[in-house]
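Letter by letter, the chains look like this.
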Amino acid sequence: MSVWGELAKNQRLAEGRHILDLFAADESRGTDFTVRAGEMVLDYAKTNIDPDARRLLLALAHECGVEDRRADMFGGVRINETEARAVLHIAQRAGDEAVISVDGVDVMARLRAIRARAYGFAQDVRQGRFRGQGGAITDVVNIGIGGSDLGPAMATLALAPWHDGPRVHYVSNVDGAHIADTLRGLDPETTLVIVASKTFTTIETMTNARTAREWMGARVSDPAAQFAAVSTALDKTTAFGIAQKRVFGFEDWVGGRYSMWGPIGLGLMMAVGAQNFEAMLAGGRAMDAHFCEAPLEQNMPVLLALVGLWHNQICGHATRAVLPYDQRLARLPAYLQQLEMESNGKRVDMAGRDLDRQSGPVVWGEPGTNGQHAFYQLIHQGTRVVPCEFLLAAQGHEPDLAHQHRLLAANCLAQSEALLRGRTLEEARAIMAAKGLEGEELDRQARHRVFPGNRPSTTLVYPQLTPFTLGQIIALYEHRVFVEGVVLGINSFDQWGVELGKELAVALAPLLEGDAADAASKDPSTRHLLAYLRAHQSA
């Protein structure tokens, strides 16, 4: 029997078992099913993974070649086979002494030079040496989408306590409301715009960039002088009017959703400064070292990935809720949606064969405690099991509000405990009896108050959300995605699924202005919708 088959057999045996039974059978489970990386601790004891299942999952990781594939990635092998590219986002946070090569060529010298240029420009903006045409830069608007937006936007919010530079805003949606609302109230004479697009052709980003240039041009004589770009297309950035000294490129071995560690993080560099940005890189580098050096059974990214595989591929739980009990990590679930779903939302393996099991899960979430008053009802009492991933800092950043952080922490721990324990019908009946109910009404009311429990969760705890800790968290999830992809036999580093819709959008845009006859090749539904939109646009 294959390891997958043995895991399926183990899961069938576990179906009627309560997670609490595992604690009863093993007094040390609370510590045995945790793993540490530095001061960060991952608790996965509140899952239905028993020692046999863990042994099998670790065997699966070994059998699927996680260690060898990991060595290939860090060694510059072109593991992104469909695009014939290396996967070296880890190089962006490697130390000054690191030597990382692709095809025998060290990539670090060029990378360090680009980073130094980005730091220098960010510092010039922060110190007022680079000025707008009306004075020192007060606001920075980063225009990008996908990996050019989600990562740096998430990190900028996460590191709010370290903001001591200009205000940094992010625009991604081609919906004109996004850029209009962002620019409203800003001063064109003291605003810097960063256009983040590797090819400088991304339609949403370039549409917003042109809108921002028109907005700025209404007040300043040379709007392009207050633009910078993160792009490799120097011909296009030059045509746009951006001087090459304000253009920062990155290599094709950095995927968009893995790119915030380099020039894509330019806005974050301006908000928090090079020292704090370096601390974030150091946190990512520390997680890289742990991932490479810790044995699989003590390896946090590996174990987090194996828990995810157990829940999705073995138990059949199709979704995963990411629940940071930290308001400043409010954008983390959205960031992880792209990181995980764009990476592992595939249907064929590396050889192009249809997968014989489910690929990545649906990832979603909200910060606690907000989510408790929104969707936790379904998590606790709904008919679907939703594995939950809690994140919690031991300490907040507001000493005078420490009592609120303690309440936040209590809520986080209470939710994971409630998911684990639930409430039995007998317990619910006792509660209703204490309220004076009896007979059929007692039974009816009690049934509404039953919680099935036995619902799995993990909890990631760390001392405080700092730049270093944020770097650890991001790298942890990057490597988790990598391990899951290796075990599933898929390429986690391409994203062909985003292409078709983009191609069709380019073809559809002219039809919104053209004659109905031009849409003859479209399906009846699309033709009907186009007719409706044309009619109401001209009304």
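*Asks:* What exactly am I supposed to notice about the side chain of H18 here?
*Replies:* Mapped onto the elements of the fold, H18 is located in the loop between α1 (3-14) and α2 (19-25). Here L20 takes part through its backbone nitrogen, which lies 3.0 Å from a polar atom of the side chain of H18. Those residues in contact with H18 that sit more than four places away from it in its chain are L420, R421, P452, G453 and N454.

*Asks:* It is not clear to me how the side chain of R480 should be interpreted in this structure. Could you clarify?
*Replies:* Structurally, the position occupied by R480 is in helix α18 (residues 467-488). Judged by relative accessible area, which is 0%, R480 ranks as buried. Every residue in contact with R480, bar those within four places of it in the chain, is listed here: P301, L304, A305, G308, R320, E340 and E389.

*Asks:* Please explain the packing of aromatic side chains as it appears in this structure.
*Replies:* Geometrically, a pair of aromatic rings is defined through the distance of the ring centres and the angle of the planes. Under the definition given, this model contains 13 aromatic pairs. Ring geometry for Y119 versus F277: centroids 6.1 Å apart, planes at 80°, classification edge-to-face. Here Y119 is found in helix α6 (residues 108-127), whereas its partner F277 is found in helix α11 (residues 266-293), with 158 residues between them in sequence. Residue Y119 is classed as buried on the basis of its relative accessible area, which comes to 14%. Three or more aromatic residues link up through ring pairs in this structure, and these residues are F74, Y258, F291, F482 and F493.

*Asks:* Is there a simple way to explain unusual backbone geometry in this structure?
*Replies:* Keep in mind that most residues, glycine aside, have a negative phi and that most peptide bonds are trans. Residue T369 is bonded to the preceding G368 through a cis peptide linkage, with omega at 15°. Secondary-structure assignment places T369 in the loop between β13 (362-364) and α14 (376-381). Even without being glycine, F200 reaches a positive phi, approximately 60°. Within the secondary structure, F200 is located in the loop between β9 (191-196) and α9 (203-217).

*Asks:* I'm lost on the sheet that holds β9 in this one. Help?
*Replies:* Strand-to-strand pairing in sheets goes through backbone hydrogen bonds, with the strands running parallel or antiparallel. If you trace the 5 strands from one edge of the open sheet to the other, you get β8-β7-β9-β10-β11, paired in parallel fashion. Taken across any chain shown, the strands that pair with only one partner, and hence form the sheet edges, are β8 (167-171) and β11 (247-248). Pairing between strand β10 (residues 227-230) and β11: 2 bridges, direction parallel. In the strand pairing of β11, A229 is matched with V247. Together, β7 (139-143) and β8 form the strand contacts of helix α8 (residues 176-183), whose direction differs from that of β8 by roughly 165°.

*Asks:* Help me understand the sheet that holds strand β12 (residues 319-325), please; the structure alone is not making it clear to me.
*Replies:* Strands sit in the order β1-β2-β15-β14-β12-β13 across an open sheet of 6 strands; the sheet is mixed. Two strands in the sheet have a free side with no partner beyond their single neighbour: β1 (34-37) and β13. When strand polarity is set aside, the average angle formed by the axes of neighbouring strands in this sheet is 15°. Both β1 and strand β2 (residues 40-43) contribute to a ladder of 4 bridges, which runs antiparallel. Opposite R36, over in β2, you have V41 as the bridge partner.

*Asks:* Would you take a moment to explain the environment of V307 for this structure?
*Replies:* Mapping V307 onto the fold places it in helix α12 (residues 300-314). You can call V307 buried: its relative accessible area is 3%. Each C-alpha atom, one on V307 and one on T458, is 8.7 Å from the other, the two residues being 151 residues apart in sequence. Apart from the residues lying within four places of it in its own chain, the contact partners of V307 are Y44, T47, I49 and T458.

*Asks:* It is not clear to me how the nonpolar core should be interpreted in this structure. Could you clarify?
*Replies:* Burial of nonpolar side chains together is a common tendency in soluble globular proteins. The biggest cluster of nonpolar side chains holds 111 residues, and the ones touching the most others in it are L266 and L470. Ranked by residue count, the leading element in this core is α18, at 12 residues. Look past the residues within four positions of L266 in its chain and what remains in contact with it is A118, F121, A122, I194, V230 and F248. Counting 20 residues, the second-largest nonpolar core is a separate cluster that includes L183, L186, V193 and V247.

*Asks:* What exactly am I supposed to notice about the pattern of salt bridges here?
*Replies:* Pairing between side chains becomes possible if they bear opposite charge and their charged atoms approach one another. All told, the structure shown has 32 salt bridges when counted by the stated rule. The partner of D235 in a salt bridge is K236, with the nearest N and O atoms 3.9 Å apart. Salt bridges linked by common partners bring R320, E340, E389, R480 and E484 together as one network.

*Asks:* Just to check I follow, could you spell out the packing of α11 against α18 for this structure?
*Replies:* In a pair of packed helices, the angle between the axes and the distance between the axes together describe the arrangement. Their axes nearest at 7 Å, the elements α11 and α18 cross at an angle of 40°. Regarding the angle of α11 to α18, the classification is oblique. Relative to α18, the crossing made by α11 is right-handed. On α18, the residues touching N276, A279, M280, A282, G283, G284, A286, M287, D288 and F291 of α11 are P467, F468, L470, G471, Q472, A475, L476, H479, F482 and V483.

*Asks:* Help me out: how do you make sense of the pairing of β9 in this one?
*Replies:* Residues in a regular strand project their side chains so that they alternate between the two faces of the sheet. Counting buried positions along β9 yields 6 of 6 residues, so the element is predominantly enclosed. Every second residue of β9 is oriented toward a common face, with T191, V193 and V195 on one face and L192, I194 and A196 on the other, all of them buried. Both β7 and β9 contribute to a ladder of 5 bridges, which runs parallel. Across the sheet, V140 pairs through a bridge with L192, a residue of β9. With 4 bridges joining them, β9 and β10 adopt parallel strand pairing. Looking at β10, one finds that V195 is bridged to A229. As a crossover connection, the stretch from β9 through α9 into β10 is right-handed.

Conventions adopted
- Residues numbered from 1 in each chain as written.
- Predicted model: local features only at pLDDT ≥ 70, side-chain atom pairs only at ≥ 80, totals over all residues.
- Heavy atoms only, no water.
- Helix = DSSP H or I, 4+ residues; strand = E, 2+ residues; numbered from the N terminus.
- Polar contact = N/O pair within 3.5 Å; in protein donor to acceptor, adjacent residues only side chain to side chain.
- Contact = heavy atoms within 4.5 Å.
- Buried < 20%, exposed > 50% of the residue type's maximum accessible area, 1.4 Å probe, protein only.
- Phe/Tyr/Trp six-rings, centres within 6.5 Å; stacked < 30°, edge-to-face > 60°.
- Pairing = 2+ DSSP bridges.
- Axes fitted to C-alpha atoms, helices over the stretch in contact; angles between N-to-C directions.
- Core = buried A, V, L, I, M, F, W, Y, C linked by side-chain atoms within 4.5 Å.
- Salt bridge = Lys/Arg side-chain N within 4 Å of Asp/Glu carboxyl O.
- Parallel < 35°, antiparallel > 145°, perpendicular 65-115°, else oblique.
- Left-handed = near helix turned anticlockwise from the far one by under 90°.
- Right-handed = clockwise from strand over helix to strand, strands pointing away.

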